[in-house]
Amino acid sequence: MSSNETPRGPVDSSRVPRYAGPATFARLPRLDEVGGRADVAVVGVPFDSGVSYRPGARFGGNAIREASRLLRPYNPAQDASPFALAQVADGGDIAVNPFHINEAVETVEAAADDLLGSGARLMTLGGDHTIALPLLRSVAKKHGPVALLHFDAHLDTWDTYFGAEYTHGTPFRRAVEEGILDTSALSHVGTRGPLYGKQDLTDDEKMGFGIVTSADVYRRGADEVADQLRQRIGDRPLYISIDIDCLDPAHAPGTGTPEAGGMTSRELLEILRGLASCNLVSADVVEVAPAYDHAEITSVAASHTAYELTTIMSRQIAAARKDSEAQ
Ligand SMILES: N=C(N)NCCCC(=O)O
Ligand SMILES: [Zn+2]
Ligand SMILES: [Zn+2]
């Protein structure tokens, strides 16, 4: 979108009932309806062949789209209308091979290359956490090694499962090995639950990660945690990866590897709002498995999470555009 074009926004829910018609994220236009160019492309990755326990995250993207019908155009928490500040559009799903993990990883990377190459930032809806690796590869090709904020109950820096190196428990170890992360700014947030051994933590620390556990969030509060994370990230290009199981199973039952004692959705949303000044280049929300959900609890939480992330990106795009116009 050039600076003098008005973004095409969501379907007006005061004219067309919000439950009518096919679902796109937040009832936004499809990417092809805005000439194939968007500032933020919301894309689904229906892939869950990398999971170690309950399957079903392949249906996550569409469940989030359905739940996002109720999102409204003005975000008071960030005082912004994200879909008016920048062109946000739904790029549909990346068609990945469910029978071949390595090929799926390549397909996701190539599709992300195309979208990022068109100038869009990515808001990806998973899918299981395996997909973070090809997304990070693509983002690093564009920006160099990026800072990573990883919200998750799990470390996801394990080595292999059944000899497989691409799984939902291993993407961030692979990313560190490949040199696509800025190891001076890596944090897990919401970590908790049993591990295989203490070595998991030692290995993780050696890779450069800092840990803010879900109990830390509870004790110190969202604002203090966001301040600390912001300081660590500085103005580095930042990728945020959100495994919905960072939330307590009470707030996100619809996921494949639930762990007790997690964050509330309020805490997650507040931490994200506290990061609004960071240079967020792309993000994902993964591990929503609707078959285990009830009353869309998980997909509503995921849709609001993606809404906050999209708002951060839109505000930055609008601010950058204003700066370049002033020059
Ligand atoms: N990324 C998610 N959600 N879970 C990883 C769990 C890996 C395990 O089964 O130990
Ligand atoms: Zn997890
Ligand atoms: Zn994960």
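Use the structure listed above.
What counts, and at which threshold
Residues numbered from 1 in each chain as written. Chains lettered and ligands numbered in written order. Predicted model: local features only at pLDDT ≥ 70, side-chain atom pairs only at ≥ 80, totals over all residues. Heavy atoms only, no water. Phe/Tyr/Trp six-rings, centres within 6.5 Å; stacked < 30°, edge-to-face > 60°. Helix = DSSP H or I, 4+ residues; strand = E, 2+ residues; numbered from the N terminus. Buried < 20%, exposed > 50% of the residue type's maximum accessible area, 1.4 Å probe, protein only. Donors = N, O, S within 2.8 Å, 3.2 Å for Na, K, Ca; no water. Tetrahedral: all angles 85-135°; square planar, octahedral: opposite > 155°, others 65-115°. Core = buried A, V, L, I, M, F, W, Y, C linked by side-chain atoms within 4.5 Å. Contact = heavy atoms within 4.5 Å. Axes fitted to C-alpha atoms, helices over the stretch in contact; angles between N-to-C directions. Parallel < 35°, antiparallel > 145°, perpendicular 65-115°, else oblique. Expected span 1.5 Å × (residues − 1). Arc of directions from axis to C-beta.

### Comments concerning the packing of aromatic side chains
Throughout the structure, instances matching the rule amount to three aromatic pairs. Ring geometry for F83 against Y307: centres 6.0 Å apart, planes inclined by 55°, an arrangement best described as tilted. Of this pair, F83 sits in helix α2 (residues 82-85) while Y307 sits in helix α10 (residues 297-326); the two residues are 224 residues apart in sequence, bridging distant segments of the chain. By relative accessible area, which is 6% here, Y307 ends up buried. Judged by centre distance (5.4 Å) and plane angle (90°), the ring pair of W158 and Y196 falls under edge-to-face. Separated by 38 residues along the polypeptide, W158 in the loop between β4 (146-151) and α5 (171-177) and Y196 in the loop between β5 (181-191) and α6 (199-206) bring together distant segments of the chain.

### Some remarks on the coordination of the zinc ion (ligand 2)
Of the protein atoms, only D152 (OD), H154 (ND1), D243 (OD), D245 (OD) and D245 (OD) coordinate the zinc ion (ligand 2), at distances of 2.1 to 2.5 Å. The coordination sphere of the zinc ion (ligand 2) comprises six donor atoms, whose angles at the metal cover 57 to 163°; the geometry is irregular. Written as a sequence motif, the donor arrangement for the zinc ion (ligand 2) is D-x1-H-x88-D-x1-D. A distance of 3.2 Å spans the gap from the zinc ion (ligand 2) to the zinc ion (ligand 3), which D152 bridges by coordinating each metal. Separated by 91 residues along the polypeptide, H154 in the loop between β4 and α5 and D245 in the loop between β7 (237-243) and α9 (265-273) bring together distant segments of the chain. For H154, a relative accessible area of 10% translates into the label buried.

### Observations concerning the nonpolar core
Formed by 50 residues in total, the largest nonpolar core has its most connected members in M123, F151, I240, I271 and L275. Setting aside anything within four residues of it in sequence, one finds L275 in contact with L149, F151, A226, L229, R230, I233, I240 and I312. Core analysis: the next-biggest nonpolar cluster, separate from the first, contains 39 residues, L115, L148, A175 and I180 among them.

### Regarding the coordination of the zinc ion (ligand 3)
The zinc ion (ligand 3) binds to the protein through H129 (ND1), D152 (OD), D156 (OD) and D243 (OD), with metal-donor distances spanning 2.0 to 2.2 Å. As a motif over one chain, the donors of the zinc ion (ligand 3) read H-x22-D-x3-D-x86-D.

### Structural notes on the packing of α9 against α10
Closest axis-to-axis distance for the α9/α10 pair is 10 Å, and the angle between their directions is 5°. As judged from the angle between their axes, α9 and α10 are roughly parallel. Across the interface between the two elements, S265, L268, L269, L272 and R273 of α9 pack against A301, H304, T305, E308, L309 and I312 of α10.

### Digging into helix α8 (residues 222-233)
Under the 1.5 Å per step criterion, the end-to-end length of α8 is 16 Å for 12 residues, consistent within 8% with the ideal 16 Å. Along α8, the residues that are buried comprise A222, V225, A226, L229 and I233. Seen along its axis, α8 keeps its buried residues to an arc of 95°; they face one direction. For α8, exposure combined with an orientation more than 90 degrees from the buried face picks out D223 and Q231.

Functional significance is not addressed by these values, which are geometric in nature.
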